[in-house]
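Coordinate inspection notes
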Amino acid sequence: MTATTKKLTFAEYLKYNDGTDTQYELVDGELIPMSLGTGKHGSIAKFLERSFDDECAKMSKNWTAQKFFVGVRSPRGGRWDTLRVPDVVVLTAEQWEALAHREAVIELNETPPILVVEVVSESTQTTDYRSKRSEYAVLEIPEYWIVDPIQKIVTVCTLVEGFYDAMAFQGKELINSATFPQLNLTAEQVLAAKK
């Protein structure tokens, strides 16, 4: 006998509660548990959230960085819905405020985030480098960071004509970001989560 998993609609996903603290992404109608991640994973996400907020202030941009709080509807093909929850999302303060009284989900017909970050873990390597990269490009998210503490690389993907051009940074190399051109951070600092 094979067990079948009931597929959920997006509306069912938003109401889903299994009585645990587990967070899920929705992929083709199936609940995919988001791994808790290591303390390092959380430290990197928090470090980038703070660093991006600092840069927004320096640039006088009315933007905000949010970690683990904003979902992004995916354009993935098929008849079942997909929703991703990036580790860090940078969006306009106006867009963040618009989410105050509804689910914190950026819909397909809404302006995409300015930048998203995924911190790679053992269980998410393929998804972060392949699936999410193509999904975020189709959504026209201008910049996508893949922070990989396993390979000790920070990859910055910049959207050019519908596809991401990627630049990888290691060690003491300064990260080059079109969104935050004055960001003065090395890959080493991001991976260590300290300035």
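The paragraphs below set out a description of the structure included in this document. Numbering of residues starts from 1 in every chain and runs along the sequence as written. Given that the model is predicted, a residue must reach a pLDDT of at least 70 before its local features are reported, and side-chain atom pairs must reach 80 or more before they are shown or counted; all residues, however, enter totals for whole chains, interfaces and linings. Side-chain metrics rest on all non-hydrogen atoms present in the structure, leaving aside hydrogens and water.

**Some thoughts on helix α4 (residues 125-138)**
Residues lying three or four places apart along an α-helix face the same way, a consequence of the helix completing one turn every 3.6 residues. Rules: Under the scheme used here, helices are H or I runs from DSSP no shorter than 4 residues and strands are E runs no shorter than 2 residues, and both carry numbers assigned from the N terminus. Expected helix span is computed as 1.5 Å times (number of residues minus one). A residue's bend is simply the angle between two axes: one fitted to the seven residues ending at it, one to the seven starting at it. Think of it in three bands: residues with accessible area under 20% of the maximum for their type are buried, residues over 50% are exposed, and the middle band is partly exposed, with areas taken using a 1.4 Å probe on protein chains only. A contact between two residues is defined here by any heavy atoms of the two lying within 4.5 Å.
Under the 1.5 Å per step criterion, the end-to-end length of α4 is 20 Å for 14 residues, consistent within 8% with the ideal 20 Å. The sharpest bend along α4 measures roughly 35° and falls at K132. Those residues of α4 not exposed but buried are D128, K132, E135, Y136 and A137. On the buried face of α4, the contacting elements are β1 (24-27), β5 (83-84), β8 (115-119), β9 (143-148), β10 (153-160) and β11 (163-169). One or two steps after α4, the chain reaches E140, where phi turns positive at roughly 65°.

**Side note on the sheet that holds β8**
Convention followed: In short, DSSP must find at least two bridges between two strands for them to pair. In this analysis, axes come from line fits to C-alpha atoms, helices being fitted only over the stretch in contact, and the angle between any two N-to-C directions falls in the range 0 to 180 degrees.
Overall, mixed pairing links the 6 strands, which are arranged β3-β6-β8-β9-β10-β11 in an open sheet. The outermost strands of the open sheet, each flanked by one partner alone, are β3 (63-67) and β11. Here the average twist between neighbouring strands, direction ignored, is 20°. Taken together, the 5 bridges between β3 and strand β6 (residues 88-92) define a ladder with antiparallel strand orientation. Along β6, the bridge assignment pairs K67 with V88. Relative to the sheet, helix α2 (residues 39-58) contacts β3, β6, β8 and β9, its axis offset from that of β3 by approximately 175°.

**Looking at the environment of V147**
Relative to the assigned elements, V147 resides in strand β9. Spatially, the C-alpha atoms of V147 and K194 are 14 Å apart, while their sequence positions differ by 47 residues. Leave out the neighbours within four places in its chain, and V147 touches I44, L48, V117, E118, V119, V120, I153, V154, V190 and L191.

**Here's the deal with the pattern of salt bridges**
Opposite charge on two side chains permits pairing when their charged atoms draw close. Put simply, the test is: Salt bridges, as used here, are contacts in which a Lys or Arg side-chain nitrogen is within 4 Å of a carboxyl oxygen on Asp or Glu.
For the coordinates displayed, the defined rule picks out 9 salt bridges. One salt bridge connects K132 with E118, and the closest N-O pair in it is separated by 3.3 Å. With K132 in helix α4 and E118 in strand β8, this residue pair connects regions lying 14 residues apart in the sequence. The pair K132 / E118 is uniform in exposure class, with both members buried. Through salt bridges that share partners, R73, D81 and E107 make up one connected network.

**Some points on the pairing of β8**
What counts here: Think of it like this: strands point away, you trace from the first strand over the helix to the second, and a clockwise trace means the crossover is right-handed.
The element β8 is largely enclosed, with a buried count of 5 among its 5 residues. Where burial is concerned, the two faces of β8 agree: the one with L115, V117 and V119 and the one with V116 and E118 are both buried. Inspection of the sheet shows β6 paired to β8 by 3 bridges, in the antiparallel sense. Within β8, the residue paired with V88 across the bridge is V117. In terms of strand pairing, β8 meets β9 through 5 bridges, oriented parallel. Within the sheet, the bridge partner assigned to V119 lies in β9 and is V147. As a crossover connection, the stretch from β8 through α4 into β9 is right-handed.

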